[in-house]
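Single-letter residue listing:
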Amino acid sequence: MYGKIMLIHGPNLNMLGIRQPEIYGTTTLSEIESLMEKKADEAGVLLECFQSNSEGALIDAIQSTYRRADGIILNAGAYTHYSYAIRDAIASVMVPTVEVHLSDIHSREDFRRISVIEPVCVRQICGMGVDGYIAALEELMRNHVR
Ligand code: DQA
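In what follows, the accompanying structure is described. On a predicted model such as this, the values are computed, not experimentally measured, just so you know.

1. Here we look at the site of the ligand
Working step 1: Close to the ligand lie Arg-19, Tyr-24, Asn-75, Gly-77, Ala-78, His-81, His-101, Leu-102, Ser-103, Ile-105 and Arg-112, which account for all nearby residues.
Working step 2: Taking His-101, its side chain carries an N or O atom lying 2.8 Å from an oxygen atom of the ligand.
Working step 3: Here the shell around the ligand is built from residues that sort into 4 nonpolar, 5 polar and 2 charged.

2. Structural notes on the pattern of salt bridges
Working step 1: One pass over the full model with this rule turns up 8 salt bridges.
Working step 2: Here Lys-38 ties to Glu-42 by a salt bridge, and the two come within 3.5 Å at their closest N and O atoms. Of the two residues, Lys-38 and Glu-42 both sit in helix H2 (residues 29–43), 4 residues apart, roughly one turn of that helix.
Working step 3: What makes Glu-42 exposed here is its relative accessible area of 55%.
Working step 4: With its nearest N and O atoms 3.4 Å apart, the salt bridge here joins Glu-48 to Arg-68. Within this pair, whereas Glu-48 is found in strand S2 (residues 45–51), its partner Arg-68 is found in the loop between helix H3 (55–63) and strand S3 (71–75), the two being separated by 20 residues in sequence.
Working step 5: A relative accessible area of 27% places Glu-48 in the partly exposed class.
Working step 6: Taking the relative accessible area as the measure of exposure, Arg-68 reaches 43% and is therefore partly exposed.
Working step 7: Overlapping salt bridges bring together Lys-4, Glu-48 and Arg-68 as one network.

3. A few points about the pairing of S3
Working step 1: Judged by how many residues are buried, S3 sits mostly within the fold: 5 of 5 residues are covered.
Working step 2: Side chains of S3 alternate between two faces, with Gly-71, Ile-73 and Asn-75 and Ile-72 and Leu-74 buried alike.
Working step 3: Inspection of the sheet shows strand S1 (residues 3–9) paired to S3 by 5 bridges, in the parallel sense. Residue Ile-5 lies in a different strand from S3, and its bridge partner there is Gly-71.
Working step 4: Bridge count for S3 against strand S4 (residues 97–101) is 3 bridges, and the pairing is parallel. Along S4, the bridge assignment pairs Ile-72 with Thr-97.
Working step 5: Once you follow S3 into helix H4 (residues 84–93) and on to S4, the crossover reads as right-handed.

Cut-offs used in this document
Residues numbered from 1 in each chain as written. Predicted model: local features only at pLDDT ≥ 70, side-chain atom pairs only at ≥ 80, totals over all residues. Heavy atoms only, no water. Near = heavy atom within 4 Å. Polar contact = N/O pair within 3.5 Å; in protein donor to acceptor, adjacent residues only side chain to side chain. Nonpolar A, V, L, I, M, F, W, Y, C, P; charged D, E, K, R; others polar. Salt bridge = Lys/Arg side-chain N within 4 Å of Asp/Glu carboxyl O. Helix = DSSP H or I, 4+ residues; strand = E, 2+ residues; numbered from the N terminus. Buried < 20%, exposed > 50% of the residue type's maximum accessible area, 1.4 Å probe, protein only. Pairing = 2+ DSSP bridges. Right-handed = clockwise from strand over helix to strand, strands pointing away.

Structure below.
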């Protein structure tokens, strides 16, 4: 084991599997976390998972990565589109962060096209469903994890 990645999910993502399956699919959050734990294990990296519906708790989780993690995989849910506080938290810790969305935020409602966190993330991955998380892990392993 030589690195650590934090997988963070924001509001309503605890409802995956139930929530609008036609948009977000039928995979539950715990299934995504188990899959990612397996992939991280194969890659030789530790994965810590966290989900909250609260902005402050998400900021605390991001801050907790300072000098403690090599990367963050973040699906911030709707906070993506308007939380300058989450953006500032990512910029503060200087931990490479990949932004992930299950759906293609660019082909939905206008308000979803804007991501205020995109400028402080190393990459945005969207519209790939669960595979997007695997792509995010690969991106961090390839370019950012020691
Ligand atoms: C989402 C897209 C967001 O617009 C939405 O608010 C979510 C989920 C996605 O994974 O596609 O909660 O981040």
